[in-house]
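Here are the chains, one letter per residue:
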Amino acid sequence: MTDTLEQTDVIVVGAGNAAFSAALAARDRGRSVVMLESAERGSAGGNSFFTAGATRIVHSGLESLVDWIEPDERHARSEVPPYTYEDYTGDLARVTEGRGDTEMAHILATEATDALKWLHTAHGMRYRLMYERQAYENPDGSFLFWGGLHVGNVDGGEGLFADYVRAAADAGVEVRYSSRVTDLVLEDGRVAGVTYVDDDGEKVLRAESVVLASGGFEANPRMRETYLGQGWANAKLRGSPENTGDLLERAIAHGAGRAGDWSSCHSVAWDAWLEDNESNRELTNRLTRQSYPLGIVVNVDGERFVDEGADFRNYTYAKYGKEILKQPGSVAFQIFDATTRPMLRPQEYEMPGVSEVVADSVGELATKAGIDVEAFVRTVTEFNDSIDPSIEVDPNIKDGRRADVMPPKSNWAFPIETAPFYAYPVTCGITFTFGGLKGDLEGRVLREDGSVIDGLYACGEALGGLFSGNYPGGSGLAAGAVWGRRAGSLA
Ligand SMILES: Cc1cc2nc3c(=O)[nH]c(=O)nc-3n(C[C@H](O)[C@H](O)[C@H](O)COP(=O)(O)OP(=O)(O)OC[C@H]3O[C@@H](n4cnc5c(N)ncnc54)[C@H](O)[C@@H]3O)c2cc1C
């Protein structure tokens with residue numbers, strides 16, 4: 001090993017959303033910052049690159065956003081319901097069934113808006129309303145936003161990464177790509193730097209503080225099987241192949257505690273048949289299939305297995321991937337007809353190479369898709385017959401238009417009756433893991449006994465505690481911005 005004795009004030013490990021937020025916050029305080037990113041420049045950006053950029057923040061309606069989001073001629077025709085502190089903390093508590101850390105939830109809800117405004121004002125990050133994902137256009141051309149998730153990065157995750165790279169360069173942050181951190185350097189019980197490998201071999205970089213923003217362990221099949229359980233090695237990896245969890249394991253080996261729910265993760269419905277359906281940087285998030293609340297989902301036996309309309313997509317999508325993984329062959333089919341097909345998200349259902357089956361009858365659809373025909377026809381018939389047509393269907397609100405079957409469909413029960421019929425094969429796409437390192441509220445990494453490991457911070461998915469079992473859409477990027485900023489403000 002070549003010890004160059006090179007020194008900086010702050011090392012940030014990773015080049016995703018949390019890492020850039022930490023690096024910029026440290027740089028704002030005049031600290032010298034080096035970011036070490038394992039991927040080469042063309043594959044960098046972590047999971048953050050693959051996102052839609054959707055970020056959950058508290059706000060009091062469009063008026064409170066227009067000063068710092070991109071102008072759009074549709075604003076005049078748009079209603080953006082306020083999303084309050086109580087909504088945010090309530091959603092976190094509800095979807096995690098009370099297992100998330102309440103103090104962290106308080107901080108997330110309190111600081112996410114300010115974190116985005118800071119990134120915009122001080123560093124030129126660009127945000128906008130998420131028309132194509134979070135609102136349906138009404139016949140009169142107006143929009144009503146739903147689901148508490150309204151703001152996102154311009155050009156999604158690719159825009160987020162491009163904006164951050166420019167902001168980091170402007171701020172004087174050095175980013176070293178192709179630099180995989182292999183371990184922490186500890187001296188007298190405190191973290192004093194890292195070892196890393198680049199094209200020239202193994203090196204040491206010393207620093208006063210090290211911020212781990214290196215993501216979870218979703219890209220590591222061994223850790224998935226160990227912590228999430230049997231079968232999880234078979235899930236398809238939606239995002240970066242770099243997040244292998246090695247640094248979580250190294251930090252734990254050096255005494256760091258674990259926090260959050262190591263036995264659960266974020267996972268979604270994902271194109272099952274496309275060959276290149278893992279870590280695909282061209283299609284990124286377009287492989288996801290998120291319009292299922294408008295239809296039904298069946299397995300190859302022709303049986304439904306979730307309430308597709310239990311809530312807005314933002315509150316169910318992250319836990320339904322796991323339900324698909326449990327089905328025979330870990331495959332399911334999202335079913336729509338000619339009425340609902342035009343309402344599906346175009347970026348996803350009109351993706352180049354989308355896996356799609358189209359037929360003129362329900363039976364033919366099942367035959368072509370490889371679903372048990374008799375059972376499927378029965379499922380669709382019973383579903384259609386159980387809908388109360390006196391309740392008007394309205395996808396902008398929880399309309400209570402239910403189908404009284406088992407499992408029920410609680411909202412948005414459109415009958416499947418008008419040809420052509422459509423089936424989209426989906427499997428389980430794993431997004432990120434919920435377990436991480438134990439930290440205090442500033443992101444200082446703690447030992448199991450609660451004492452601080454001096455010099456070590458964690459943020460983003462590397463920091464555990466917020467999520468368990470499920471997650472309100474858009475909270476991952478929000479948490480990375482908040483705890484990146486917190487860690488960078490101390491490091
Ligand atoms: C397809 C997809 C869509 C998503 N959409 C959204 C969305 O719209 N909104 C939302 O809030 N969340 C979304 N998420 C979740 C979101 O990506 C994460 O919550 C968030 O990006 C995590 O940020 P992070 O900075 O912690 O991790 P990442 O962005 O994953 O960054 C981790 C970084 O660490 C690097 N790294 C890992 N190990 C090492 C090492 N040993 N040495 C050096 N570098 C290392 C990686 O290369 C990477 O750059 C989505 C995820 C995926 C996969």
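Residues numbered from 1 in each chain as written. Predicted model: local features only at pLDDT ≥ 70, side-chain atom pairs only at ≥ 80, totals over all residues. Heavy atoms only, no water.

## So, the overall build of the chain
- Scanning the chain from N- to C-terminus turns up 13 helices and 22 strands.
- Here the C-alpha coordinates of the chain stretch approximately 70 × 50 × 40 Å along the principal axes.
- Taken over 491 residues, the chain has a buried fraction of 61%.
- Sequence separation of 24 or more characterises 73% of the internal contacts of the chain that already satisfy a separation of 6 or more.
- Surface exposure of the chain reaches about 18,000 Å², of which carbon and sulfur atoms provide 48%.
- One finds the centroid of the 46 positive side-chain charges in the chain at a distance of 3 Å from the centroid of its 75 negative side-chain charges. (Helix = DSSP H or I, 4+ residues; strand = E, 2+ residues; numbered from the N terminus. Buried < 20%, exposed > 50% of the residue type's maximum accessible area, 1.4 Å probe, protein only. Contact = heavy atoms within 4.5 Å. Areas by Shrake-Rupley, 256 points an atom, 1.4 Å probe, with all protein chains shown as cover. Lys, Arg positive; Asp, Glu negative; His and termini not counted. Charge placed at Lys NZ, Arg CZ, Asp CG, Glu CD.)

## Quick look at the packing of helix α4 (residues 102–123) against helix α13 (residues 475–490)
- Between α4 and α13, the least distance of the axes is 8 Å, while the angle of their chain directions is 80°. When the axes of α4 and α13 are compared, the pair comes out roughly perpendicular. In contact with M104, I107, L108, E111, A112, D114, A115, L116, W118 and L119 of α4, α13 contributes S475, A478, A479, A481, V482, W483, R485 and R486.
- Residues of the contact of α4 with α13, tallied by class, amount to 13 nonpolar, 1 polar and 4 charged. (Axes fitted to C-alpha atoms, helices over the stretch in contact; angles between N-to-C directions. Parallel < 35°, antiparallel > 145°, perpendicular 65-115°, else oblique. Nonpolar A, V, L, I, M, F, W, Y, C, P; charged D, E, K, R; others polar.)

## Section: the packing of helix α1 (residues 17–28) against α4
- Put simply, α1 and α4 touch, their axes get as near as 12 Å, and they point 60° apart. By the angle class used here, α1 and α4 are oblique. As α1 packs across α4, the resulting crossing turns out to be left-handed. Within the contact between the two elements, α1 uses S21, L24, A25 and D28 and α4 uses W118, L119 and H123.
- Grouping the amino acids of the contact of α1 with α4 by side-chain chemistry returns 4 nonpolar, 2 polar and 1 charged. (Left-handed = near helix turned anticlockwise from the far one by under 90°.)

## A closer look at the site of the ligand
- Within the structure, the ligand sits among 39 residues, and E37, S48, A54, N243 and E461 are positioned closest to it.
- Side-chain polar atom of E37 to an oxygen atom of the ligand: 2.5 Å apart, as the coordinates give it.
- Contact between the ligand and S38: a nitrogen atom at 3.1 Å from a main-chain N or O atom of the residue.
- Protein contact buries 98% of the 1,000 Å² of open area that the ligand shows by itself.
- Secondary-structure elements contributing two or more residues to the shell around the ligand are α1, α2 (46–50), β10 (180–187), β19 (421–433) and α13.
- Here the shell around the ligand takes 4 residues from α2, the largest share from any one element. (Near = heavy atom within 4 Å. Polar contact = N/O pair within 3.5 Å; in protein donor to acceptor, adjacent residues only side chain to side chain.)

## Some words on the nonpolar core
- The biggest cluster of nonpolar side chains holds 127 residues, and the ones touching the most others in it are V12, L108 and W483.
- The leading source of residues in this core is α4, at 10 residues.
- Looking at which domains feed residues into this core, each of domain 1 (7–216 + 434–490) and domain 2 (266–429) gives three or more.
- Counting 22 residues, the second-largest nonpolar core is a separate cluster that includes I296, F383, A413 and F421. (Core = buried A, V, L, I, M, F, W, Y, C linked by side-chain atoms within 4.5 Å. Domains from an automatic or database assignment.)

## Brief notes about the sheet that holds strand β3 (residues 54–55)
- Across the sheet, 3 strands lie side by side as β3-β8-β5; this open sheet has antiparallel pairing. Of all strands in the sheet, those with a lone pairing partner are β3 and β5 (127–129), marking the two edges.
- Here β3 pairs with strand β8 (residues 151–153) via 2 bridges, running antiparallel. Residue pairing in the sheet places A54 in a bridge with G152 of β8. (Pairing = 2+ DSSP bridges.)

## Focus: unusual backbone geometry
- Going from M406 to P407, the amide bond is cis rather than trans, its omega being -10°.
- Locating P407 in the fold gives a position in the loop between α12 (373–385) and β19.
- The omega angle of the peptide bond from A419 to P420 is 0°, so this bond is cis rather than trans.
- Of note, P420 is situated in the loop between α12 and β19.
- Even without a glycine there, the phi angle at W412 is positive, about 55°.

## Points about the side chain of D163
- With respect to the helices, strands and loops of the structure, D163 is situated in helix α6 (residues 156–171).
- Exposure remark for D163: the relative accessible area of 6% places this residue in the buried category.
- Aside from chain neighbours lying at most four places away, what touches D163 is G124, M125 and R126.

## Some points on α12
- Its 13 residues place the ends of α12 18 Å apart at the C-alpha level, agreeing with the 18 Å of an ideal helix rising 1.5 Å per residue.
- Check the buried side of α12 and you find it contacts β16 (296–299), β17 (332–336) and α11 (362–369).
- The N-capping residue of α12, defined by a side-chain oxygen 3.3 Å from the backbone nitrogen of E374, is D372. (Expected span 1.5 Å × (residues − 1).)

## Some details on the packing of aromatic side chains
- With the rule as written, the count across this model stands at 25 aromatic pairs.
- The structure contains a cluster of three or more aromatic residues connected by ring pairs, namely F20, F49, F50, F161 and Y164.
- Residue placement shows R313 over the ring face of Y317; its charged tip is 3.7 Å from the ring centre. (Phe/Tyr/Trp six-rings, centres within 6.5 Å; stacked < 30°, edge-to-face > 60°. Lys NZ or Arg CZ within 6 Å of the ring centre and 35° of its normal.)

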